[in-house]
Amino acid sequence: MANQLLAGKKGLIFGALDEQSIAWKVAEKAHEEGAEIVLTNAPVALRMGKIQELGKQLGAEVIAADATSNEDLASLFDTSLQILGGKIDFILHSIGMSINVRKKKSYTGLNHEWMHKTLDISAMSFHRVMQIALQKDAVADWGSIVALTYIAAQRVFPDYSEMADAKALLESFARSFGYHFGTEKKVRVNTISQSPTVTTAGSGVKGFDEFLSYADKMSPLGNADASQCADFCVVMFSDLTRMVTMQNLYHDGGFSMMGINPSVLIDS
Ligand code: NAI
(Lines give C-alpha, C1' and ligand atoms only; values in the text may rest on other atoms or scores of the structure.)
Protein backbone atom coordinates (compact mmCIF):
# COMPACT_ATOMS: atom_id res chain seq x y z
CA MET A 1 0.00 0.00 0.00
CA ALA A 2 1.45 3.33 -1.06
CA ASN A 3 2.13 6.14 1.42
CA GLN A 4 2.92 8.91 -1.07
CA LEU A 5 6.46 9.03 0.33
CA LEU A 6 7.69 10.48 -2.97
CA ALA A 7 4.77 12.81 -3.73
CA GLY A 8 5.95 15.71 -5.90
CA LYS A 9 9.41 14.21 -6.42
CA LYS A 10 11.08 13.71 -9.78
CA GLY A 11 13.41 10.79 -10.46
CA LEU A 12 15.75 9.35 -13.07
CA ILE A 13 16.02 5.55 -13.10
CA PHE A 14 18.79 3.68 -14.93
CA GLY A 15 18.71 -0.06 -15.67
CA ALA A 16 15.17 -1.44 -16.06
CA LEU A 17 15.52 -4.21 -18.67
CA ASP A 18 12.62 -6.57 -17.92
CA GLU A 19 10.15 -7.38 -15.11
CA GLN A 20 12.90 -9.11 -13.13
CA SER A 21 15.21 -6.08 -13.08
CA ILE A 22 15.57 -4.44 -9.70
CA ALA A 23 15.23 -1.05 -11.44
CA TRP A 24 11.88 -2.15 -12.90
CA LYS A 25 10.51 -2.75 -9.40
CA VAL A 26 11.98 0.51 -8.17
CA ALA A 27 10.29 2.40 -11.02
CA GLU A 28 6.93 0.80 -10.20
CA LYS A 29 7.21 1.55 -6.48
CA ALA A 30 8.47 5.10 -7.01
CA HIS A 31 5.49 5.74 -9.28
CA GLU A 32 3.13 4.17 -6.73
CA GLU A 33 4.60 6.50 -4.09
CA GLY A 34 3.76 9.56 -6.15
CA ALA A 35 6.99 10.27 -8.04
CA GLU A 36 7.24 11.38 -11.64
CA ILE A 37 10.05 9.51 -13.37
CA VAL A 38 12.14 9.24 -16.50
CA LEU A 39 13.48 5.81 -17.45
CA THR A 40 16.76 5.23 -19.23
CA ASN A 41 18.81 2.32 -20.50
CA ALA A 42 21.43 1.49 -23.13
CA PRO A 43 20.22 1.82 -26.75
CA VAL A 44 20.43 -1.97 -27.21
CA ALA A 45 18.20 -2.51 -24.17
CA LEU A 46 15.58 -0.21 -25.68
CA ARG A 47 15.62 -2.33 -28.81
CA MET A 48 15.70 -5.75 -27.13
CA GLY A 49 14.18 -5.22 -23.68
CA LYS A 50 10.68 -4.45 -22.49
CA ILE A 51 11.38 -1.03 -21.05
CA GLN A 52 8.93 0.67 -23.43
CA GLU A 53 6.13 -1.41 -21.85
CA LEU A 54 7.14 -0.12 -18.44
CA GLY A 55 7.21 3.43 -19.78
CA LYS A 56 3.64 3.05 -21.04
CA GLN A 57 2.48 1.44 -17.82
CA LEU A 58 3.86 4.32 -15.72
CA GLY A 59 3.34 7.15 -18.20
CA ALA A 60 7.11 7.72 -18.12
CA GLU A 61 9.38 8.84 -20.97
CA VAL A 62 12.08 6.36 -21.94
CA ILE A 63 15.40 7.81 -23.12
CA ALA A 64 18.28 5.84 -24.61
CA ALA A 65 21.71 6.55 -23.13
CA ASP A 66 24.86 4.48 -23.03
CA ALA A 67 26.13 5.04 -19.49
CA THR A 68 29.72 4.93 -20.76
CA SER A 69 29.18 7.93 -23.03
CA ASN A 70 29.46 11.42 -21.55
CA GLU A 71 27.71 12.80 -24.61
CA ASP A 72 24.70 10.48 -24.17
CA LEU A 73 24.55 11.27 -20.45
CA ALA A 74 24.73 15.02 -20.99
CA SER A 75 21.85 14.88 -23.45
CA LEU A 76 19.93 12.53 -21.12
CA PHE A 77 20.14 15.09 -18.29
CA ASP A 78 19.13 17.98 -20.57
CA THR A 79 16.09 16.09 -21.87
CA SER A 80 15.11 14.78 -18.44
CA LEU A 81 15.21 18.26 -16.91
CA GLN A 82 12.92 19.46 -19.69
CA ILE A 83 10.48 16.55 -19.40
CA LEU A 84 10.33 16.72 -15.62
CA GLY A 85 10.09 20.51 -15.69
CA GLY A 86 12.63 21.02 -12.94
CA LYS A 87 15.53 19.52 -11.02
CA ILE A 88 15.79 15.83 -10.26
CA ASP A 89 15.18 14.68 -6.66
CA PHE A 90 16.49 11.14 -6.96
CA ILE A 91 18.65 9.00 -9.23
CA LEU A 92 18.98 5.21 -9.25
CA HIS A 93 22.11 3.68 -10.82
CA SER A 94 21.22 0.03 -11.44
CA ILE A 95 23.77 -0.94 -14.08
CA GLY A 96 26.14 -3.88 -14.27
CA MET A 97 27.71 -5.99 -16.99
CA SER A 98 30.81 -8.15 -17.39
CA ILE A 99 31.78 -9.86 -20.64
CA ASN A 100 34.38 -11.89 -18.73
CA VAL A 101 31.67 -13.27 -16.43
CA ARG A 102 29.34 -13.90 -19.37
CA LYS A 103 32.06 -15.75 -21.26
CA LYS A 104 33.06 -17.64 -18.10
CA LYS A 105 36.69 -16.47 -18.06
CA SER A 106 38.46 -17.40 -14.84
CA TYR A 107 39.53 -14.54 -12.53
CA THR A 108 43.18 -15.45 -13.11
CA GLY A 109 42.74 -15.47 -16.88
CA LEU A 110 40.70 -12.32 -17.53
CA ASN A 111 40.65 -10.52 -20.84
CA HIS A 112 41.80 -7.05 -19.81
CA GLU A 113 40.11 -5.27 -22.72
CA TRP A 114 36.82 -6.70 -21.47
CA MET A 115 37.80 -5.81 -17.92
CA HIS A 116 38.10 -2.16 -18.99
CA LYS A 117 34.53 -2.41 -20.29
CA THR A 118 33.29 -3.99 -17.06
CA LEU A 119 34.81 -1.23 -14.95
CA ASP A 120 33.53 1.44 -17.33
CA ILE A 121 29.95 0.13 -17.51
CA SER A 122 29.56 -1.09 -13.93
CA ALA A 123 31.53 1.51 -11.96
CA MET A 124 32.88 4.50 -13.89
CA SER A 125 29.40 5.12 -15.30
CA PHE A 126 28.37 6.07 -11.75
CA HIS A 127 31.11 8.70 -11.59
CA ARG A 128 30.11 9.98 -15.04
CA VAL A 129 26.45 10.26 -14.02
CA MET A 130 27.31 12.19 -10.85
CA GLN A 131 29.88 14.43 -12.53
CA ILE A 132 27.48 15.44 -15.30
CA ALA A 133 24.58 15.86 -12.85
CA LEU A 134 26.73 18.13 -10.68
CA GLN A 135 28.09 20.15 -13.61
CA LYS A 136 24.56 20.71 -14.91
CA ASP A 137 23.26 21.46 -11.42
CA ALA A 138 20.57 18.88 -12.22
CA VAL A 139 19.87 17.54 -8.73
CA ALA A 140 17.63 19.40 -6.28
CA ASP A 141 18.90 20.28 -2.80
CA TRP A 142 18.35 17.37 -0.40
CA GLY A 143 18.19 15.03 -3.37
CA SER A 144 19.26 11.39 -3.14
CA ILE A 145 21.51 9.31 -5.40
CA VAL A 146 21.63 5.53 -4.95
CA ALA A 147 23.64 2.81 -6.72
CA LEU A 148 23.19 -0.93 -6.28
CA THR A 149 26.11 -3.07 -5.18
CA TYR A 150 27.03 -6.48 -3.81
CA ILE A 151 28.96 -7.75 -0.77
CA ALA A 152 31.68 -9.23 -3.00
CA ALA A 153 33.20 -5.73 -2.72
CA GLN A 154 34.16 -6.59 0.89
CA ARG A 155 34.45 -10.39 0.98
CA VAL A 156 35.67 -12.94 -1.53
CA PHE A 157 33.05 -14.66 -3.69
CA PRO A 158 35.29 -16.23 -6.36
CA ASP A 159 32.63 -16.72 -9.04
CA TYR A 160 31.65 -13.04 -8.91
CA SER A 161 35.07 -12.48 -10.47
CA GLU A 162 35.98 -8.97 -11.66
CA MET A 163 32.51 -7.65 -10.77
CA ALA A 164 33.78 -7.66 -7.16
CA ASP A 165 36.45 -5.13 -8.13
CA ALA A 166 33.92 -3.09 -10.08
CA LYS A 167 31.65 -2.95 -7.03
CA ALA A 168 34.53 -1.91 -4.74
CA LEU A 169 35.19 0.99 -7.11
CA LEU A 170 31.49 1.86 -7.31
CA GLU A 171 31.23 2.03 -3.51
CA SER A 172 34.33 4.18 -3.33
CA PHE A 173 32.81 6.63 -5.83
CA ALA A 174 29.73 6.91 -3.59
CA ARG A 175 31.94 7.98 -0.66
CA SER A 176 34.20 10.32 -2.63
CA PHE A 177 31.41 11.98 -4.60
CA GLY A 178 29.18 11.98 -1.53
CA TYR A 179 31.58 14.47 0.02
CA HIS A 180 31.44 16.83 -2.97
CA PHE A 181 27.71 16.52 -3.53
CA GLY A 182 27.06 16.98 0.18
CA THR A 183 29.15 20.10 0.63
CA GLU A 184 28.24 21.73 -2.67
CA LYS A 185 24.58 20.77 -3.05
CA LYS A 186 23.25 19.06 0.10
CA VAL A 187 22.70 15.95 -1.99
CA ARG A 188 23.29 12.51 -0.50
CA VAL A 189 24.97 9.55 -2.20
CA ASN A 190 24.72 5.95 -0.98
CA THR A 191 25.05 2.39 -2.20
CA ILE A 192 22.65 -0.41 -1.32
CA SER A 193 24.25 -3.84 -1.04
CA GLN A 194 21.54 -6.24 -2.14
CA SER A 195 21.10 -10.01 -1.60
CA PRO A 196 21.65 -12.22 -4.64
CA THR A 197 18.51 -11.75 -6.74
CA VAL A 198 17.19 -13.61 -9.78
CA THR A 199 17.62 -11.16 -12.70
CA THR A 200 19.39 -11.16 -16.08
CA ALA A 201 22.59 -9.72 -14.56
CA GLY A 202 22.43 -11.94 -11.45
CA SER A 203 21.85 -15.19 -13.31
CA GLY A 204 24.99 -14.62 -15.42
CA VAL A 205 27.16 -15.52 -12.42
CA LYS A 206 28.42 -19.15 -12.38
CA GLY A 207 26.69 -21.37 -9.80
CA PHE A 208 24.13 -18.62 -9.14
CA ASP A 209 21.25 -20.92 -8.11
CA GLU A 210 23.33 -22.82 -5.55
CA PHE A 211 24.69 -19.58 -4.23
CA LEU A 212 21.24 -18.03 -3.97
CA SER A 213 20.11 -20.93 -1.82
CA TYR A 214 23.27 -20.78 0.35
CA ALA A 215 22.78 -17.05 0.97
CA ASP A 216 19.12 -17.66 1.79
CA LYS A 217 20.05 -20.22 4.45
CA MET A 218 22.85 -18.06 5.87
CA SER A 219 20.62 -15.00 6.31
CA PRO A 220 18.42 -15.00 9.41
CA LEU A 221 15.65 -13.25 7.44
CA GLY A 222 16.40 -15.04 4.16
CA ASN A 223 17.34 -13.28 0.94
CA ALA A 224 15.81 -9.90 0.21
CA ASP A 225 14.01 -9.93 -3.13
CA ALA A 226 13.87 -7.25 -5.83
CA SER A 227 10.58 -5.86 -4.64
CA GLN A 228 11.89 -5.47 -1.09
CA CYS A 229 15.00 -3.79 -2.49
CA ALA A 230 12.69 -1.36 -4.29
CA ASP A 231 10.96 -0.56 -0.97
CA PHE A 232 14.35 0.29 0.55
CA CYS A 233 15.27 2.46 -2.44
CA VAL A 234 12.01 4.39 -1.99
CA VAL A 235 12.89 5.08 1.65
CA MET A 236 16.35 6.24 0.58
CA PHE A 237 14.80 8.62 -1.98
CA SER A 238 12.30 9.97 0.54
CA ASP A 239 12.76 12.86 2.96
CA LEU A 240 12.93 10.34 5.84
CA THR A 241 16.64 9.69 5.19
CA ARG A 242 17.96 13.19 4.51
CA MET A 243 21.05 12.88 6.72
CA VAL A 244 22.23 9.47 5.49
CA THR A 245 25.11 9.81 3.06
CA MET A 246 28.36 8.17 1.89
CA GLN A 247 27.19 4.83 3.27
CA ASN A 248 27.14 1.30 1.96
CA LEU A 249 23.83 -0.01 3.33
CA TYR A 250 23.26 -3.76 3.51
CA HIS A 251 19.87 -4.95 2.34
CA ASP A 252 20.53 -8.66 2.70
CA GLY A 253 18.39 -10.22 5.46
CA GLY A 254 21.40 -10.14 7.81
CA PHE A 255 23.83 -12.09 5.58
CA SER A 256 26.66 -9.58 5.99
CA MET A 257 26.79 -10.03 9.78
CA MET A 258 26.78 -13.83 9.82
CA GLY A 259 29.80 -16.04 10.44
CA ILE A 260 28.07 -19.38 10.21
CA ASN A 261 24.42 -20.32 10.34
CA PRO A 262 23.87 -23.83 11.75
CA SER A 263 21.08 -24.44 9.21
CA VAL A 264 23.69 -24.42 6.43
CA LEU A 265 25.60 -27.21 8.21
CA ILE A 266 22.50 -29.25 9.00
CA ASP A 267 21.37 -29.27 5.37
CA SER A 268 24.79 -30.03 3.88
P1 NAI B 1 19.57 -6.39 -14.91
O2 NAI B 1 20.33 -7.19 -15.90
O3 NAI B 1 18.11 -6.40 -15.00
O4 NAI B 1 20.10 -4.87 -14.91
C5 NAI B 1 21.37 -4.48 -15.37
C6 NAI B 1 21.13 -3.28 -16.29
O7 NAI B 1 22.35 -2.66 -16.74
C8 NAI B 1 20.34 -3.67 -17.57
O9 NAI B 1 19.14 -2.94 -17.64
C10 NAI B 1 21.30 -3.29 -18.67
O11 NAI B 1 20.64 -2.91 -19.88
C12 NAI B 1 22.05 -2.14 -18.01
N13 NAI B 1 23.25 -1.77 -18.76
C14 NAI B 1 24.24 -2.60 -19.18
N15 NAI B 1 25.14 -1.91 -19.90
C16 NAI B 1 24.72 -0.61 -19.94
C17 NAI B 1 25.24 0.59 -20.51
N18 NAI B 1 26.37 0.59 -21.24
N19 NAI B 1 24.54 1.74 -20.35
C20 NAI B 1 23.39 1.75 -19.64
N21 NAI B 1 22.86 0.65 -19.05
C22 NAI B 1 23.52 -0.52 -19.21
O23 NAI B 1 20.05 -6.96 -13.49
P24 NAI B 1 19.86 -6.46 -11.99
O25 NAI B 1 20.19 -7.62 -11.15
O26 NAI B 1 18.56 -5.78 -11.82
O27 NAI B 1 21.06 -5.44 -11.81
C28 NAI B 1 20.92 -4.13 -11.36
C29 NAI B 1 22.04 -3.74 -10.41
O30 NAI B 1 21.91 -4.49 -9.20
C31 NAI B 1 23.45 -4.03 -10.96
O32 NAI B 1 24.32 -3.00 -10.56
C33 NAI B 1 23.79 -5.31 -10.24
O34 NAI B 1 25.18 -5.53 -10.15
C35 NAI B 1 23.17 -5.01 -8.88
N36 NAI B 1 23.01 -6.18 -8.01
C37 NAI B 1 22.39 -7.30 -8.48
C38 NAI B 1 22.29 -8.42 -7.69
C39 NAI B 1 21.70 -9.69 -8.22
O40 NAI B 1 21.94 -10.75 -7.64
N41 NAI B 1 20.90 -9.62 -9.28
C42 NAI B 1 22.82 -8.44 -6.29
C43 NAI B 1 23.39 -7.18 -5.87
C44 NAI B 1 23.50 -6.10 -6.72
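Residues numbered from 1 in each chain as written. Predicted model: local features only at pLDDT ≥ 70, side-chain atom pairs only at ≥ 80, totals over all residues. Heavy atoms only, no water.

### Quick look at the packing of aromatic side chains
Per the counting criterion, the structure on display carries nine aromatic pairs. Consider the rings of Phe-157 and Phe-211, whose centres lie 5.5 Å apart with planes at 75°: the pair is edge-to-face. Linking Phe-157 in the loop between β5 (139-149) and α7 (163-185) with Phe-211 in helix α9 (residues 208-218), this pair joins segments that are 54 residues apart in sequence. For Phe-157, a relative accessible area of 17% translates into the label buried. For the ring pair Tyr-214 and Phe-255, a centre distance of 6.4 Å and an interplane angle of 80° mean the geometry is edge-to-face. You can see Tyr-214 sitting in helix α9 and its partner Phe-255 sitting in the loop between β7 (248-251) and α11 (262-267), a full 41 residues away along the chain. Through a chain of ring-to-ring contacts, the aromatic side chains of Tyr-150, Phe-157, Tyr-160, Phe-211, Tyr-214 and Phe-255 assemble into a single cluster. (Phe/Tyr/Trp six-rings, centres within 6.5 Å; stacked < 30°, edge-to-face > 60°. Helix = DSSP H or I, 4+ residues; strand = E, 2+ residues; numbered from the N terminus. Buried < 20%, exposed > 50% of the residue type's maximum accessible area, 1.4 Å probe, protein only.)

### Some words on the site of the ligand
Close contacts around the ligand come from 28 residues, with Ser-21, Asn-41, Lys-167, Thr-197 and Thr-199 the closest. Here a nitrogen atom of the ligand and a backbone polar atom of Ala-67 are 2.9 Å apart. Thr-199 is positioned with one of its side-chain polar atoms (N or O) 2.4 Å from an oxygen atom of the ligand. Across the complex, the protein chains shield 93% of the 830 Å² of accessible surface that the ligand would expose by itself. Secondary-structure elements contributing two or more residues to the shell around the ligand are β5 and α8 (200-203). Looking at which element gives the most residues to the shell around the ligand, the answer is α8, with three residues. By residue class, the composition of the shell around the ligand is 14 nonpolar, 12 polar and two charged. (Near = heavy atom within 4 Å. Polar contact = N/O pair within 3.5 Å; in protein donor to acceptor, adjacent residues only side chain to side chain. Areas by Shrake-Rupley, 256 points an atom, 1.4 Å probe, with all protein chains shown as cover. Nonpolar A, V, L, I, M, F, W, Y, C, P; charged D, E, K, R; others polar.)

### Details of the layout of surface pockets
Counted as a void, the largest pocket has a volume near 1,400 Å³. Ile-95, Gly-96, Met-97, Ala-201 and Gly-202 are, among the 49 residues lining the largest pocket, the residues nearest its centre. Here the element with the most residues in the lining of the largest pocket is helix α2 (residues 43-48); it accounts for four residues. Residue composition of the lining of the largest pocket, by class: 25 nonpolar, 18 polar and six charged. (1 Å grid on protein atoms, 1.4 Å probe; cavity = no way out; pocket = protein on both sides within 12 Å on 5 of 7 lines; lining within 4 Å. Points joined across faces, edges and corners; volume = space filled by probe spheres on them.)

### Focus on the environment of Thr-245
Along the chain, Thr-245 turns up in the loop between α10 (226-237) and β7. Beyond its immediate chain neighbours, meaning those up to four positions away, Thr-245 contacts Gly-178, Val-187, Arg-188, Val-189 and Asn-190. (Contact = heavy atoms within 4.5 Å.)

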